[in-house]
Each structure stands twice: as C-alpha cells, then as structure tokens.
Amino acid sequence: MCGIIGYAGEKNAVEIVYRGLINLEYRGYDSAGAAFGINGRTVVFKRQGRVEKLKPLLEGLASGIGIGHTRWATHGSPSDINAHPHTSGKITLVHNGIIENYSELKAELEKGGAVFKSQTDSEVIAALMSVYYCGDILGALYKTVKRLKGSYAIMAVAEGENVIAAARHKSPVVIGYGNGGYYCASDEPVLSGECGEVSFLKDGDFALIKPDGVRIFDGELRETERKKQKNLAQAGSLELGGFAHYMLKELRQSPAAVKNTVTAFAEAEDKIRGALSGVNRIIFIGCGTAYHAGLIGKIYVEDIARMPAEAETAGEFRYKNPIVNKNTAVVAVSQSGETADTLEGARLAKSLGARVIAVTNAPYSQLTRIADTVVPVCAGAEICVAATKSYTGQIAALYMLALLLAGKNAEGGGLSGLPEICKNVADGADVYALSRLCAFSKGVYFLGRGLDYAVALEASLKLKEVSYIPSEGYPAGELKHGTLALIDNATVSVFIATDKSLTDKYKNSVEQVISRGGIAAIITDIDELETAFKGRAHIIKLPCCRGHLSPLVTATAVQLLAYETAVSLGLNPDKPRNLAKSVTVE
Ligand code: AGP
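Residues numbered from 1 in each chain as written. Predicted model: local features only at pLDDT ≥ 70, side-chain atom pairs only at ≥ 80, totals over all residues. Heavy atoms only, no water.

1. Considerations on the pairing of strand β8 (residues 164–169)
- Judged by how many residues are buried, β8 sits mostly within the fold: five of six residues are covered.
- Hairpin geometry of strand β7 (residues 150–158) and β8 is characterised by an intervening segment of five residues between the two adjacent antiparallel strands and by a positive phi of about 90° at Gly160.
- Taken together, the four bridges between β8 and strand β12 (residues 206–210) define a ladder with antiparallel strand orientation. Note on β12: the bridge partner recorded for Ala165 is Leu208. (Buried < 20%, exposed > 50% of the residue type's maximum accessible area, 1.4 Å probe, protein only. Helix = DSSP H or I, 4+ residues; strand = E, 2+ residues; numbered from the N terminus. Pairing = 2+ DSSP bridges.)

Below, the structure written as structure tokens:
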C-alpha cells in the first residue's frame, strides 16, 4: 500500500527521509512527499510520480525532524494535490490505510467551515486533528483516531513541536532505534543499515518520536513498552547489486530462499509438529501468488500426507461461513504477513476455533501475531512487486509441512541438490525467443495438469502483472471445453508438462492447439515431448524436475519468461502500473 517514514535526531532528516522513501517505493509509486521542521515551520514538498522527483526540491536542505510518504492511490487519483503529507492548520501528517467513514467526517468538518484541497480520505484526518489540537499533539491524535473507522498508520507533526506522533490500527508501524536518532516506518527492511534494533507498535498503540528518545503508549494512552528486537533485515538487501532489475536479482535468489527455508523449517519443526497435532484437515488461504502457493500446498498435503486439504483465496474465505473446528488447520500464506484479506481470514479462522499456521517471509508481521505457530519462509527482503523467490520459498515450506504431516523425514526430503537445479534454470533457461512471441501476441494461455496447472496459474499472473499482456491459466483438460475458441495464430499456448505419466494427454492438447493454427510452446523435462514436437512447438527443455518438487523448477522458468517479456516491451517489471507490493487495505 503506501509507505511512510519519520525521523527525529541529530542527523539530517532530509537525507534520511528521502533515502527511506526510495527504499519504501515498492509499497506505492503514484506520488511522494515529505515534511520537515525548518526554523520552527513545517515545510512540505510533494509531487505526483516517483520519489526521485523530490530530489531537486530537497537539494541543500537540512532538518532534524521529518516525515515522508510514498503513495499507492486509493481515494483520489495520483496527483500533486492528492500526494501526502496533508496539512490543516498547524498539523501536517502522512497516512497509510483507508478511512471508511471519511465522507461523514468530511461533511461534518465542512459544516464547521473546513475547506478541503484534495480528494483523499487522509486530509480528513489532518482536518480533524487540527480541530482537536491545542498544543498537545498526542492528545489531538488520540481524540482523532477515536473517530476513525478503517485502517491507519499515521505520523503527524505540529508546527513548533519537535516531535512526531504516530498511531496505528491494522497498518504497520515499526519504531527504529538508531545511532543519534529515532525512526518510525512502515517496515523494518527500510531501517536496515540505520537501526540495529526495532520494536513493533500493536494495534491501537501510539508513539512519540523525539530527537532524544521514543515513548510508546497503549490505546488508553498509558505509557508502555514494546519489546526491542534485533532488526533481522539485512543491510544491502535493498540494493540492486549490479542487476538491471530487482525481479531478476530476486528470482536468481530462489535457490538460497529454498535452502534457507528448509534449514529454518528443521529448526522450527518441533513447534510446528506440536501445533499440528490432532489436525485432520487443512485449508490454505492467501492472495495472488501466495494463494497459488496454497494450491500447491493442497496437492502436497493430499498426495504426501493423504489428508483432506483445500485452498481458497483469503478474500473469499473471509466473507463466507467456513466449516472449521479445532481439528482444522488454516494455513495462511503471505510473503508480507500484512495482506488485509489474509489477516482477516486468519482472524476469522481463529475466532471459529481453528488452528492458524502462518507461512510468511516476514517474521515480525501481524500475521505471525495472529497465528498459533509460524512456518518461516527465508527468502529475504523482496522488493520487486512481482513475487518470485518468496513463491519458491513458500513452496519449499509447504513441501516440508506435508512431509511432517505424513510423518516422513522432513530433513532434506529430496530437496538436496534442488537449489542447484533452480540456479541452472535461472541462469541458463533460454526463454528469450518465447518471450518475444509472448510480447507480440494478443494473449498467452498457460496450461497444465496437477502441480503444473497450479504453476500455470502463477505463470499467467506473473506475465500479466509485469507485461500487461492478457493471459489466463487453465487446466490442460479444459482447453477443449471453451478456451480453444480463442486460439489463433496471434495467441501463444504455453504447456507446462512435467508429469511423465500424462505424456499422451499433453500430446493431445498440444496437437489441438497446433491444428487450430495457434502458437504452441512446451516447458518440460520430458524427452518424449521434445522429440514429438521438435520444429512444431517452441520447447523450453528443463533438467529433471523430480515429481513433487517440479514447481520449484518450472516456477523459475515462468518467472524468467515473464521478466524477459516485460523487458523486451521496455517495461519496468519491478514497478508494474497500478500495483503495490503489500495490499494492506480491502
Ligand atoms: C504477486 O506477484 C503479487 N504481487 C501479489 O499477487 C501478491 O502475491 C499478493 O498481493 C499477496 O501478497 P502477500 O504474499 O504479501 O500476502
């Protein structure tokens, strides 16, 4: 969603906030803005577009206190006016979240004479706070948030006060303890390199961030403490490290994500086993890529542990009346651990008595606080909006989970050597020619069966997300039940085929596409398919995919295909239009 950061201390807040916004930009890049205390005044700078547009405005400025915002637009189109910070009277603030009752509040404030410049819900918070402000910023923020419905992480300053007041409800705020200053931010990776220690505000908490310290308060303004923890985000993880894009850097880090996830699983195994004892049914929930990982988890649990399993998008799960009980484990899969639908799905499952297991790449996220136990994904910071290494990390974690449920030796589980195979695919798969075909097609269909179908759905999401080419994933057997009508010489059908026992079925489906004049491609490790379609279909030959572990190999290939396609169209795959990395609102 949006990214926010604040700093108070002896260093130059202008440099810290600007650098922070650059690193938070993956959370939204419709506009950026910042406010600094300079000579007793609050000075605001904001622009539509990327953070770098602020650079010339900030040149040569110095300040000891500042707040900043990078926006993913929800209420009000991307524009200079709608960019944060928003100011009303002495109050200036940045906000991440959605205020659901903003129209009522706006009408009430307008009756009292308030005039609004923007179309945002966030400006309403500033106006309300300005009404309540009489020299005590924390008191004004407290009274303000009592009136808000929805989600918020707020950082506010008042002209003449050398302090940032922060509050949170359903949107994250991390406090950072640095050398010579104190920070508040949307996530901890942005503080890597700046703060060795962090603490996390709980829902309903407030904080005052001053140049000489931080004070934290609970929902009733009683001063409290939130445990300081080591900032696990590694310094340097936010850098491109010589790669043209984060997407390429990160998909090449998949082997390490798989390896580290397997190691971390072994360390957490006893706890996970305890949380699963007596469970006789598993429901995977998640959104987007995480949901697609859940589909793979379902197949693993059914195949390997022979236990009933389902997978559902968290957005559907949270709005139904799910049948769960104490013997059901709801496994919530989320890279960020922040996705609103997934959090609500997990909360619902918990309230109904189910066990909640979080599979996440964010060890301190809200999801980990809701869950009974955590299955760690150790992919490291993922900056590209399109998920790559977190997906392969999730798949490795779900495979280990299924082995554990089956009472099989989770140590290794056939995974050894696999990271090396993924690396070879990431380094060597020749997807360039196929990416050109996709780039200039009018639609790309990904088809597969079983695990290959689950990966086909992810392949399609990845391609449309970064290249904007219409695409769909289908079970290969469904082709003849409708989709075949779309096939012509301007469409590409990409078959993902790794199940040797289905070779003849794949042959039939590929023949059907070719006979209708469509362009066919096959991503496969099956020699027989390569021989059968040499010269008639475009073949991406993979090393041996090893049954259940095939998604780790095929995923890398389709991620590379999406990347190459976006790049050949001159698009930036790291920041696809209209999207943001974590969707913390509905
Ligand atoms: C993946 O490429 C997407 N950016 C998106 O589908 C993402 O997986 C989804 O929003 C869920 O995010 P999460 O894993 O952080 O919960």
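2. Thoughts on the packing of helix α4 (residues 122–132) against helix α5 (residues 137–145)
- Packing of α4 against α5 brings their axes to within 8 Å, and their N-to-C directions diverge by 125°. One finds that α4 runs oblique with respect to α5. Both α4 and α5 take part in a crossing whose hand is right-handed. Taking contact as the criterion, the partners of Ile125, Leu128, Met129 and Tyr132 in α4 are, on α5, Ile137, Ala140, Leu141, Lys143 and Thr144. (Axes fitted to C-alpha atoms, helices over the stretch in contact; angles between N-to-C directions. Parallel < 35°, antiparallel > 145°, perpendicular 65-115°, else oblique. Left-handed = near helix turned anticlockwise from the far one by under 90°. Contact = heavy atoms within 4.5 Å.)

3. Description of the sheet that holds strand β21 (residues 443–448)
- A sheet is described by the order of its strands in space; here five strands give the open sequence β22-β21-β23-β24-β25, paired in parallel fashion. For this open sheet the edge positions go to β22 (471–475) and β25 (538–541), each flanked by a neighbour on one side alone. Taking each pair of neighbouring strands and ignoring which way they run, the sheet shows an average axis angle of 20°.
- The sheet contact formed by β21 and strand β23 (residues 491–497) spans five bridges and is parallel. Bridging from a neighbouring strand, Phe446 pairs with Val494 of β23.
- This element, helix α16 (residues 503–515), spans β21, β23 and β24 (519–524) of the sheet and lies at about 175° to β23.

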